[in-house]
Structure formats: C-alpha cells, structure tokens
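# Commentary on secondary and tertiary structure
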Amino acid sequence: GEDVEQSLFLSVREGDSSVINCTYTDSSSTYLYWYKQEPGAGLQLLTYIFSNMDMKQDQRLTVLLNKKDKHLSLRIADTQTGDSAIYFCAESRGTYKYIFGTGTRLKVLA
Amino acid sequence: DAGVIQSPRHEVTEMGQEVTLRCKPISGHDYLFWYRQTMMRGLELLIYFNNNVPIDDSGMPEDRFSAKMPNASFSTLKIQPSEPRDSAVYFCASSLAAGGGGKTQYFGPGTRLLVL
C-alpha cells in the first residue's frame, strides 16, 4: 500500500538515546525526511537523507537508511525534555509530493 | 526570512459559514502545498501548486473545498459551506525546486479551524 508506517508512541528517560523507526513503501523514493512537531506548532524539518546514502549524522541526530528493507530510523543521542514532540518521517517519490508517516509521539521522562 | 506565514492562526465558525485560510510562502519558492491534519487521518495533502498552477488536487475532499494561487506570494484555501467534520489544523508549506536541500518543504504554523 501507500502507507508510511511508524510506531505511535515512544517513552525514554532523559539522557538516554531515542530511536524512532519508520517503514516506507516506495523503493524509488529519492529523499526521506524527518520532521518534528511540537504542541500547537507546525512541522519543523530536522534532517533528510538522499536515497543513495546509508547514514547521515547531524550533531545529536543520526539517520540510518536500509533500502533493502525500506526502513528508516532516527536516533537522538542524549535525549532532553525539549525533544518531547511528535516525529514524522516522509518520503518524496521523485515528485514534490510527500507521503507522511503517522507520526511517533516521543515522551522524555525527567 | 519570515518563513511561511498563515492567517488566521485560529478560526471558530458555525456550520454553513464560508471559511478562507490564507498563506504567504517563502519568497522565491515555486511550490506551495496545503495540508490538513487531524487525529484520525494524520497529515493529508490536499493540493499543491507549481508556479501558481495547481498540479495535483486529488486530495481535496469535495467540492466544498477550493484553493487558489493568484500570484507567487499568496494562496487561499476556501471551504464553503463549512461542516463540523472540517475541524482540523490546516498547514501551508512551500519549497524551492532548484538548488540543494532535497526538495525540502517548509511549513507554516498552521490555522486551527473549529466548525461548530
């Protein structure tokens, strides 16, 4: 199908690492994205990865891409309470149209 | 850069009324997108424009919804007549075709619509 799937909830303790997973459907997707949405706000781009890459690191964020399994993950190191938000993955299928995942609500416990 | 600007930020209206949501994309961006977000259906793409021309409106729920982009710096999404099931957060986003950044879409803060 067309769905981009994510688990709905993740809870971690402050200082631990968080790993948010995403399964997408189209092997021809050119770019894959991670967005963050804080309560009452719009979506903020965190990072993106081009489909010919396996990994991308940006400060506390690490993105891993497994094209064979169509699996994308976002690792947040040293998770802080300010990281509590909903995280969306999205795929871009060669056009300017994104397909968004259902979002994962991350709760960071102090 | 001011980012994508949406107005109003909140709208409360009664069933049957016309609602107009407004969006100003980032200057120079040539793609504009309208999304709707609800708890039940998540983020749905309603329509998108390229150089002010509608490219894909397959996500527009029904004829009560219409969108226009009269120029590169302004777009509207209109609901007439509005119904309670239209209550949602409506986001506008824009992107730039050329250059780096991987077709990144930049989102506005959203308009929270409540139809009573």
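Just above, that's the structure.
Residues numbered from 1 in each chain as written. Chains lettered and ligands numbered in written order. Predicted model: local features only at pLDDT ≥ 70, side-chain atom pairs only at ≥ 80, totals over all residues. Heavy atoms only, no water.

### Topic: the overall build of chain A
Stated formally: Think of it this way: any DSSP run of H or I at least four residues long counts as a helix, any run of E at least two long counts as a strand, and we number them from the N terminus. The reference for a compact globule is 2.2 Å times residues^0.38; the radius of gyration itself is calculated from the C-alpha atoms. Buried residues are those whose accessible area, probed at 1.4 Å on protein chains only, stays under 20% of the maximum for their type, while exposed residues exceed 50% and partly exposed ones sit between those limits. Throughout, a contact is declared for two residues whenever any of their heavy atoms are within 4.5 Å. To measure how exposed things are, a 1.4 Å probe is used in the Shrake-Rupley method; for residues, cover is taken only from the protein chains shown. In this count, Lys and Arg are taken as positive residues and Asp and Glu as negative ones, while His and the chain termini are left out. Each charge is placed at NZ for Lys, CZ for Arg, CG for Asp and CD for Glu.
Check the secondary structure of chain A and you find 0 helices and 11 strands. Ordered by position from N to C terminus, the α and β elements of chain A give β-β-β-β-β-β-β-β-β-β-β. Its C-alpha radius of gyration of 13 Å places chain A within 12% of the 13 Å reference for a compact globule of 110 residues. The principal-axis extent of the C-alpha atoms belonging to chain A is close to 40 × 25 × 20 Å. Per-residue burial for chain A yields a buried fraction of 44% across its 110 residues. Taking all contacts inside chain A whose residues are at least 6 apart in sequence as the whole, residues at least 24 apart take part in 54%. Approximately 5,500 Å² of chain A is accessible, and the part contributed by carbon and sulfur atoms is 48%. Of the charged side chains in chain A, 12 are positive and 13 negative, and the gap between their average positions amounts to 1 Å.

### Quick word on the interface of chain B and chain A
Formally: Summed over both partners, the accessible area (1.4 Å probe) lost when two parts come together is defined as the buried area. Throughout this description, the term salt bridge denotes a Lys or Arg side-chain nitrogen within 4 Å of a carboxyl oxygen of Asp or Glu. What qualifies as a polar contact is a pair of N or O atoms within 3.5 Å, subject to a donor-acceptor requirement within protein and to the restriction that residues adjacent in sequence count only when both atoms come from side chains.
Facing the 23 residues of chain B at the interface are 19 residues of chain A. Across the chain B to chain A interface the summed buried area is about 1,700 Å²; carbon plus sulfur atoms make up 56%. If you look at where chain B meets chain A, you find 0 salt bridges. Across the contact surface, chain B and chain A share 4 residue pairs in polar contact (both at pLDDT 80 or more). For the side of chain B that touches chain A, the elements supplying multiple residues, two or more each, are strand 4 (31-38), strand 5 (42-50) and strand 9 (88-95) of chain B. Broken down by element, the residue count for the side of chain B that touches chain A peaks at 4 residues, all from strand 4 of chain B.

### Remarks on the state of the cysteines
Filter applied, for reference: Two cysteine sulfurs form a disulfide in these notes if their separation is within 2.5 Å.
Per the counting criterion, the structure on display carries 2 disulfides over all chains. Here Cys 22 of chain A is linked by a disulfide to Cys 89 of chain A, with a sulfur-sulfur distance of 1.9 Å. Its torsion about the S-S bond being 70 degrees, the disulfide of Cys 22 of chain A and Cys 89 of chain A is classed as right-handed. Residue Cys 22 of chain A is found in strand 3 (residues 18-23), and its partner Cys 89 of chain A is found in strand 9 (residues 85-92); the two are separated by 67 residues along the sequence. Like Cys 22 of chain A, the residue Cys 89 of chain A is buried in the burial classification. The disulfide bridge from Cys 23 of chain B ends at Cys 92 of chain B, spanning 1.9 Å between sulfur atoms. On the sign convention where negative means left-handed, the S-S torsion of about -70 degrees between Cys 23 of chain B and Cys 92 of chain B marks this disulfide as left-handed. Here the residue Cys 23 of chain B occupies a position in strand 3 (residues 19-24), and Cys 92 of chain B occupies one in strand 9, the gap between them amounting to 69 residues. Accessibility classification places Cys 23 of chain B together with Cys 92 of chain B in one group, the buried group.

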